[in-house]
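# Summary of structural features
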Amino acid sequence: MTSGVCCAEVAQWQRTDSTVCAVIGSLVLKTVWQHRGVQSKPKTLFCVWDSRPRIESRAYVMKIEIRPLLMCFALCVVYATSKPTEKKDRVHHDAPLSSKEHDDGTNFDYDHDAFLGEDEAKTFDDLTPEESKNRLGKIVDKIDADEDGFVTEAELKAWIKKAQKKYIYDNMERQWKDFDMNNDGMISWDEYKNVTYGTYLDDPESDDGYNYKQMMARDERRFKMADGNGDHIADKEEFTAFLHPEEYEHMKEIVVLETIEDIDKNGDGFIELEEYIGDMYNHEDEMDEPEWVATEREQFAEFRDKNKDGKMDKEETMDWILPADYDHAEAEAKHLVYESDTNKDGKLTKEEILNKYDLFVGSQATDFGEALVRHDEF
């Protein structure tokens, strides 16, 4: 997931190849030089599930402090010279809806966190029950996507999923202004390409070993996949899907494809055992492999390679990196409908929800002035 370079992201790069770390270090230094007015090339970073380098907008460069960059560089040096013992995890799991226990017999704190997200739930404390009901009613109107006067289980599930993905939308908002160059409320492929790559492509012979034209083609392929109507222009939802494809059902194919391209060293379109292990663990040194490596070899043979042909195809790769986990949002939506559906018709009216307002938001409601603005963007 792309965002501005920071020290916290060093821990996410999870690339065991020391040459990659050297590249990161050199790019950090280049960013420092550019901060001082020296011309340099765009910087790169690594996504959690996408190990290839990704170009970041040059618009970020002037925003970064020198000290954090030097700290970042120091971390890269340590990272490059140390033997990796922790495996890289490409598997994407949905996080729980709340850190609290789901025990309605005690309180509805879990439901409050699930309905609006933990951060929003913390702001409930200052509102009266009357304010809570009034503003909950406004939220109900937003959940009712088809405006038929009812909130269905599917609409509740969609709302909960979006509330739980606040950090993704926040990341998109941070990047939006840097790419929407003409301020028309949309981002075209040309805008993204020009900001991200710019005149860098005028120098096709890069000195860092990466093919940036190839990277641009890969980005364009992902942009087209995220662009629902095919007009080469992304609205905020489409741009979010471009930045975070692992969070969108229609983007899962591109996540799988890019993952295979990253790991498949012989170019046959499959992931073999040694490619699978090599992506997780750098075993160039003579040291004995950690125990988890042997475990991963067993996992590959017993569970990853389902058809026992010695390699993973697209379907097997999807089962690996995007497993069909327990759907917390769906379970919570079913729970909220069950507890609130007085006439048992399988859907909720606004009245039914407000009658159970304490289940949804409690007697202290969220700061809806902020929440409603944010959810307008959902």
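Residues numbered from 1 in each chain as written. Predicted model: local features only at pLDDT ≥ 70, side-chain atom pairs only at ≥ 80, totals over all residues. Heavy atoms only, no water.

### Here's the deal with the overall build of the protein chain
- The secondary structure content of the protein chain amounts to 19 helices and 6 strands.
- Of all 378 residues assigned to the protein chain, the portion counted as buried reaches 46%.
- Sequence separation of 24 or more characterises 68% of the internal contacts of the protein chain that already satisfy a separation of 6 or more.
- Accessible area for the protein chain stands at about 18700 Å²; split by element, carbon and sulfur atoms hold 52% of it. (Helix = DSSP H or I, 4+ residues; strand = E, 2+ residues; numbered from the N terminus. Buried < 20%, exposed > 50% of the residue type's maximum accessible area, 1.4 Å probe, protein only. Contact = heavy atoms within 4.5 Å. Areas by Shrake-Rupley, 256 points an atom, 1.4 Å probe, with all protein chains shown as cover.)

### Side note on the layout of surface pockets
- When its volume is computed, the largest pocket comes out at roughly 660 Å³.
- When contributions to the lining of the largest pocket are tallied by element, the ones reaching two or more residues are α7 (153–164), α8 (166–179) and α15 (314–321).
- Here the lining of the largest pocket takes 4 residues from α7, the largest share from any one element.
- When its residues are assigned to classes, the lining of the largest pocket shows 9 nonpolar, 2 polar and 13 charged. (1 Å grid on protein atoms, 1.4 Å probe; cavity = no way out; pocket = protein on both sides within 12 Å on 5 of 7 lines; lining within 4 Å. Points joined across faces, edges and corners; volume = space filled by probe spheres on them. Nonpolar A, V, L, I, M, F, W, Y, C, P; charged D, E, K, R; others polar.)

### With respect to the side chain of R90
- By secondary structure assignment, the location of R90 is in the loop between α3 (66–81) and α4 (109–116).
- Engagement of the side chain of R90 in a polar contact is seen with the side chain of D279, the distance being 2.6 Å. (Polar contact = N/O pair within 3.5 Å; in protein donor to acceptor, adjacent residues only side chain to side chain.)

### Notes on the environment of N307
- By secondary structure assignment, the location of N307 is in the loop between α14 (291–304) and β6 (311–312).
- Overall, N307 belongs to the partly exposed group, its relative accessible area being 43%.
- Every residue in contact with N307, bar those within four places of it in the chain, is listed here: D313 and E316.

### Observations regarding α4
- Burial analysis of α4 places 7 of its 8 residues in the buried class, the great majority of the element.
- Those residues of α4 that sit buried are Y110, D111, H112, D113, A114, F115 and L116.
- Trailing α4 by a residue or two, G117 shows a phi angle of about 95 degrees, which is positive.

### What to know about the confidence of the model for the protein chain
- Of all residues in the protein chain, 68% have pLDDT values of 70 or greater, and the mean over the chain is 76.
- Across the protein chain, element-level confidence peaks in strand β3 (residues 187–188) with a mean pLDDT of 98 and bottoms out in helix α1 (residues 7–13) with 31.
- Predicted confidence is poor over residues 1–84, with pLDDT under 50, and the contacts of this stretch with residues over four places away or in other chains come to 179 contacts.
- A low-confidence stretch, residues 364–378 stays under pLDDT 50, and its non-local contacts, those more than four residues away or across chains, total 39 contacts. (pLDDT = per-residue confidence, 0-100.)

### A few points about the nonpolar core
- Counting residues in each nonpolar core, the largest one holds 40 residues, and the members touching the most others are Y192, F239, F242, I271, Y276 and W320.
- For this core, the secondary-structure elements that each account for two or more residues are α8, α9 (189–196), α10 (212–226), α11 (236–243), α12 (252–263), α13 (273–280), α14 and α15.
- Leave out the neighbours within four places in its chain, and Y276 touches I263, I271, E296, F300, R304, M312 and W320.
- Ranked by size, the runner-up nonpolar core spans 23 residues in total, among them A114, V151, A329 and L359. (Core = buried A, V, L, I, M, F, W, Y, C linked by side-chain atoms within 4.5 Å.)

### A few points about the packing of α12 against α15
- The interhelical angle for the contact between α12 and α15, taken along N-to-C directions, is 100 degrees, at an axis separation of 10 Å. Here α12 is positioned roughly perpendicular relative to α15, judged by the angle of their axes. Residues K252, E253, V255, V256, T259, I260 and I263 of α12 form the contact with α15, whose participating residues are K314, T317, M318, W320 and I321.
- In the contact of α12 with α15, the residues fall into 7 nonpolar, 2 polar and 3 charged. (Axes fitted to C-alpha atoms, helices over the stretch in contact; angles between N-to-C directions. Parallel < 35°, antiparallel > 145°, perpendicular 65-115°, else oblique.)

### Some points on the pattern of salt bridges
- Applying the stated rule across the entire model yields 20 salt bridges.
- Of the charged contacts, one joins D327 and K157 as a salt bridge, the two residues approaching to 3.1 Å between their closest N and O atoms. With D327 in the loop between α15 and α16 (328–340) and K157 in helix α7, the pair connects residues that are 170 residues apart, well separated along the chain.
- We classify D327 as partly exposed; its relative accessible area is 22%.
- Here E249 makes a salt bridge to K252, at a shortest N to O gap of 3.0 Å.
- According to the relative accessible area criterion, E249 is exposed, its value standing at 61%.
- Shared partners join several salt bridges into a network, and the residues in it are R90, R218, R221, R222, E258, E261, D262 and D279. (Salt bridge = Lys/Arg side-chain N within 4 Å of Asp/Glu carboxyl O.)

### Brief notes about the packing of aromatic side chains
- Summed over all chains, the structure comprises 14 aromatic pairs.
- By way of ring pairs, the aromatic residues W176, F179, W189, Y192, F223, F239 and F242 are connected into one cluster.
- One cation-aromatic arrangement involves K236 over W176; the distance from NZ or CZ to the ring centre is 5.6 Å.
- Over the ring of F150 we find K347; its NZ or CZ atom is 4.2 Å from the centre of that ring. (Phe/Tyr/Trp six-rings, centres within 6.5 Å; stacked < 30°, edge-to-face > 60°. Lys NZ or Arg CZ within 6 Å of the ring centre and 35° of its normal.)

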